[in-house]
Structure formats: C-alpha cells, structure tokens
Amino acid sequence: MESSEGRAEGSGRAPRVLVVGGGIAGLGAAQRLCRHPAFPQLRVLEATARAGGRIRSERCFGGVVELGAHWIHGPSQGNPVFQLAAKYQLLREKDLSEENQLTETGGHVGLPSVSYGSSGVSVSRELVVEMASLFYGLIDQTREFLHMADAPVPSVGEYLKKEIRQRAASWPEDEETRKLKLAVLNSFFNVECCVSGTHSMDLVALVPFGEYTVLPGLDCTFPGGYQGLTNHIMASLPEDVIVFNKPVKTVHWNGSFKEASSLGETFPVLVECEDGACFPAHHVIVTVPLGFLKEHLDTFFEPPLPTEKAEAIRKMGFGTNNKIFLEFEEPFWEPDCQYIQVVWEDTSPLEDVTSELRHIWFKKLIGFLVLPSFESVHVLCGFIAGLESEFMESLSDEDVLLSLTQVLRRVTGNAQLPAPRSVLRSRWHSAPYTRGSYSYVAVGSTGDDIDQLAQPLPTDGAEAQLQILFAGEATHRTFYSTTHGALLSGWREADRLIALRDPQAQLPGPWL
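Every residue gets a number counted from 1 within its own chain, in the order that chain's sequence is written. Restriction of local features to residues with pLDDT of at least 70 applies here, the model being predicted, together with a cutoff of 80 or more for giving and counting side-chain atom pairs; totals for whole chains, interfaces and linings are based on all residues. To obtain the side-chain values, all non-hydrogen atoms of the structure were used and water was disregarded.

- Naming follows an unreviewed UniProt entry, where the protein chain appears as Peroxisomal N(1)-acetyl-spermine/spermidine oxidase isoform X2 of Mustela putorius furo.
- UniProt positions are given in the numbering used here, feature names are shortened, and annotations may be inferred rather than shown by experiment. Looking at the Subcellular location (unreviewed entry) heading of the UniProt record, one finds this comment for the protein chain: "Cytoplasm".

1. What about the sheet that holds strand S12 (residues 283-286)?
For step 1, the next point in the chain: DSSP-based pairing: two strands are paired if at least 2 bridges between them are found. Counting from the N terminus, the helices are the DSSP runs of H or I reaching at least four residues and the strands are the DSSP runs of E reaching at least two. Within the open sheet, the five strands sit side by side as S6-S2-S1-S12-S21. Their pairing is parallel. Strands at the two margins of the open sheet, each flanked by one partner only, are strand S6 (242-243) and strand S21 (468-470).

2. A word on the nonpolar core
For step 1, the next point in the chain: Judged by nonpolar contacts, the single largest core of 49 residues is most densely connected at Phe61, Met131, Phe135, Val184, Leu185, Phe188 and Phe325.
For step 2, the next point in the chain: When contributions to this core are tallied by element, the ones reaching two or more residues are helix H5 (125-142), helix H6 (156-168), helix H7 (175-196), strand S16 (339-343) and strand S18 (378-385).
For step 3, the next point in the chain: Contact definition: two residues touch when any of their heavy atoms are within 4.5 Å. In contact with Leu185, other than residues within four places in its own chain, are Met131, Leu134, Phe135, Ile164, Trp171 and Pro349.
For step 4, the next point in the chain: For this analysis, a nonpolar core means a set of buried residues of the types Ala, Val, Leu, Ile, Met, Phe, Trp, Tyr and Cys, connected via side-chain atoms within 4.5 Å. Only protein chains enter the accessibility calculation, which uses a 1.4 Å probe; a residue is then buried when its area is under 20% of its type maximum, exposed when over 50%, and partly exposed in between. Residues Val19, Val44, Leu90 and Ile233 belong to the second largest nonpolar core, which totals 45 residues.

3. Let's talk about helix H15 (residues 483-501)
For step 1, the next point in the chain: Each residue after the first adds 1.5 Å to the expected span of a helix. Over its 19 residues, H15 extends 27 Å from the first C-alpha to the last, a length consistent with the 27 Å expected when each residue adds 1.5 Å.
For step 2, the next point in the chain: Most of H15 is tucked away, with 15 of its 19 residues classed as buried.
For step 3, the next point in the chain: The distance from a side-chain oxygen at the start of H15 to the backbone nitrogen of Gly485 is 2.8 Å, and the residue carrying that oxygen is Thr482. Side-chain atoms alone can form a polar contact between residues adjacent in sequence; in general such a contact is a pair of N or O atoms within 3.5 Å, and within protein one must be able to donate a hydrogen while the other accepts it.

4. Points about the pairing of strand S3 (residues 57-60)
One face of the sheet, then the other: side chains in a regular strand alternate in exactly this way.
For step 1, the next point in the chain: Two strands pair when backbone bridges link them, and S3 and strand S4 (residues 63-66) are joined in this way by four bridges, in the antiparallel orientation. The residue bridging Cys60 from the neighbouring strand is Gly63, located in S4.
For step 2, the next point in the chain: Counted along the chain from S3 to the antiparallel partner S4, the turn is two residues long, and its residue Phe61 has a positive phi close to 55 degrees.

5. Some words on the pattern of salt bridges
For step 1, the next point in the chain: Salt bridge criterion: a side-chain nitrogen from Lys or Arg within 4 Å of a carboxyl oxygen from Asp or Glu. Within this structure, the stated rule accounts for 29 salt bridges.
For step 2, the next point in the chain: The salt bridge involving Glu311 is made with Arg314; its shortest N-O contact spans 3.1 Å. Of this pair, Glu311 and Arg314 both sit in helix H10 (residues 307-315), three residues apart, which is roughly one turn of that helix.
For step 3, the next point in the chain: Residue Glu311 is classed as partly exposed on the basis of its relative accessible area, which comes to 34%.
For step 4, the next point in the chain: Given a relative accessible area of 47%, Arg314 falls into the partly exposed group.
For step 5, the next point in the chain: Salt-bridge contacts for Lys364 lead to Glu388; the nearest nitrogen and oxygen are separated by 2.8 Å. Placement of Lys364 in the loop between helix H11 (357-360) and strand S17 (367-370) and of Glu388 in helix H12 (residues 386-393) is noted, with a sequence separation of 24 residues between them.
For step 6, the next point in the chain: A relative accessible area of 8% means that Lys364 is categorised as buried.
For step 7, the next point in the chain: Because the salt bridges share partners, they merge into one network encompassing Glu211, Asp448, Asp451 and Arg477.

Here's what the structure looks like:
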C-alpha cells in the first residue's frame, strides 16, 4: 500500500476508506476505488478466511458445486455480472449467444422433467403443465399491483390462495384429481419460497412485489464455479488490500478519532474488530448481509443508527434457502432429465401445516436439479427454503441422507433404490456472518425501506460527509436478492465516494 502521501484533488491527504465485507458488493466497490488515483489507502475487512461471501464454489464429487449463488439471473447486456463473466471468459459459448440473451423467462423456473408423487406414482405431465400455467399466470398478475392505490390483501401468498380457491371451486374433476392439483400447486409455492428466500409467500408483500426487475436472458451457470468471478475481481486488487479473518465488532462514527502514527490527523470513523484491532477511516462502506445486520443492530453501530434506518432493517425480509447435494453410484433418472419435482399428495396451499418440523421438514424440498454430469459421477441438488430449511441445518449428515433416501424410495416406488454415496449441503442460516440467504420485501415494508437502508450517514450536512455507506444485495431496490444487485450496489457506493473526492471525475459507464 502507498503511504498517505497519495493526494486527492483539493482534499489534502488521501482519504482512508474501509470496506466491511469481502462479498461481491465489497469486492466491486474496492475494485472501482482502487482504479481511481484518489484512493491509494483502501482496506477490505473480511470476517472469514475466504472472499466471495454468498458466492461459494467448492470442489466436490470430482467437479465444482455451488453452495451459494447458482445462476446468473438474466444474463444479458444489462447485467454487469454477465458482462464481467463474459469479459473474464468464464461462460460457455451457448450462454453468450444472442439467442440466449434475448430469451424472456419472466423469471420463472423451468418445468420439471418428471414429477414424482408421494404415493410412488408419477403425476401426469398434462396436469403439471396445467397447474404451472395457472400458478405462473397468477404470479405474473401479482406484479400488476405495483401501480394500484391499494391491494386486495397484504401478501403475495394470500392473493395466490384467494385466486386458487375461486378457481378450484369450478374444477370439474373428481375429488382425488382436485386434491392432486392442489398438491402440485403446493410444490410450486415451495419453489417460489426458494426464489424469494422466504418461509412462506404469506410473508412477501404484494404491492411492492412487482418492483423486482427480471432481466432478459436464459439463466446460466459458471462451468468452472461462480467463485471464478470473485477470484478474478480479487486478482485485480493491489496486494494485501483484503484482510481475512477480521470480523468487525463495532463501527464508531460521527467522532474524532486519532491514530498515533498519523501526526495528529483525526478521522470521523473508527472500525473496531473482534480481536481488538482498530482502524480509523474517513469513509466506511458496510456490505454485510442484512441477516447479520438484523442480528447485531444494537451493537454494530455506535452511536446507534437513526431510527428510520434501524426500522427499515427490522422490517425488511431476510430468509433461508439451502441446497442439499446427493451423490449416486448410478443415476435412477432418465439421461435427459434436468429437474425432478416431488409432489406430496397430502399437501395443499389452502391448508396450514400443523405437524412438528422433525416429522415433515423434507416436504418443503422442491425436488432435485440434476447437475451436469461430472466424470462418471451423478449428483442431484435439492433446494429447500424457510424454517424447514433452518431445521435441516440442525440435523447430522447421516440424518439428512437417511431422510432423503426414504423420500426417494417412496416417490420412485423403488424400495431397493440404493442410498446416495454422500451428501453435502449449505447451512446459510447457521453461518454467523450471514444468518440466512437473501432479502425480500416483507409484509409491512416497501421498496422505500431498501432505499432507506442504502442512504449514507450522516444524513444531515455534517462537516465529515459519507462516513458510512451501505452496499449489498439488500440495498438494491429492483435487483435485491441477486449477485448483480450486490455488484451494482458496490459500484454505486464507490462512485458516490469518487464524486465527493473528485467532483470532476468522469465516472465509468455502469458496466465497466
């Protein structure tokens, strides 16, 4: 690192900037600032031993699996994650094609290749297609309430249930088929809980739901792992910018802090770490996950955050979505199978679950994606959201393997189905510096709360401006819950600092 002799235009000594959190928002902010001559003094403080945050690829089963972010959502020209991935040559040819970039998915998950019922009989393709069409048609309708003065009900879940109840009343089939239709719809509700990172769609606010913006493009993955992206960004930073295993305890702001070596210079912010180390700074970009902020709201900032910002953090939604990978000696699925849906025939979105979690947690599982074949290794990836997902984290690998083996034997009707060879899973709720997966706009909050969270401090015209800035997926009003939202928020805060320190700066276009 250069000494404090580096100078910013008209501002005396170079400003000291700290970034808290080495996920894609923090790395994006750091990369942007490091490219500007006004910021030779930059440090990223990362709580864990690795960068990337909720982007986490692991070598396993003879290949790479994603424990965190899985897809680029909407890989097209308006998506900076796609642009960077293309620039770093991390994508397949077909995912770069014009055709893929122009595909409109509406943000909906693809249809299952096969749907297994819990009675051991496959559900007819026709019935699944009919229910998918009903469900996703209703999801599209929920986005229309954005421009209306008042909504018929507070949540997405209640709206969907109200509409389904009305339609189900006129279904012509026998009782058994009607029950099966509701069970298939229940599976789609579980998928939507994974997409929104919530326990129940009843927790997701209806009016702001349409503010989330779906970009065009057929969602794609990174053949060599999503972490290749964050590794490339990291490699572009000067050496020693990132300090690992440095969890932050408290951000002290609106103060006048001295440092023995800085010749009487004072700093408005002091970042105190869990290990007692203290870093004075002019500006701190906080990029920690909303789940962590919620848990440490009372101790992380001194003085405490202004009431409106603290309220926004409390009101916003942040839930859990986990993955469970199962490795098999031999596939029991067809060669062209991509997604196995599991339908619990005794469930309905119109009825509340009353049993204890330990007896029914696996019913929240949406089924399994078939991962592209590694070298003669066959891997399924299950997704599960909500309180059931958090309960799953408390079980042992053996318990999870046993439960899912029983589920697969039951739904395939093959009691002799060999158990998986091994299991690997994410545990995002237990992760102390994350405490969940991603944000959603909860009942009782709106997009204004996201903007409130993104507002820098202090809010008044204090002499020391932009002491604390906020970035991360939960601070992006239209792209919350995504890696591109996180990256754009990091760039946004870097640009805010550049504009303060170098008002004449030509800020790069948003995708550089």
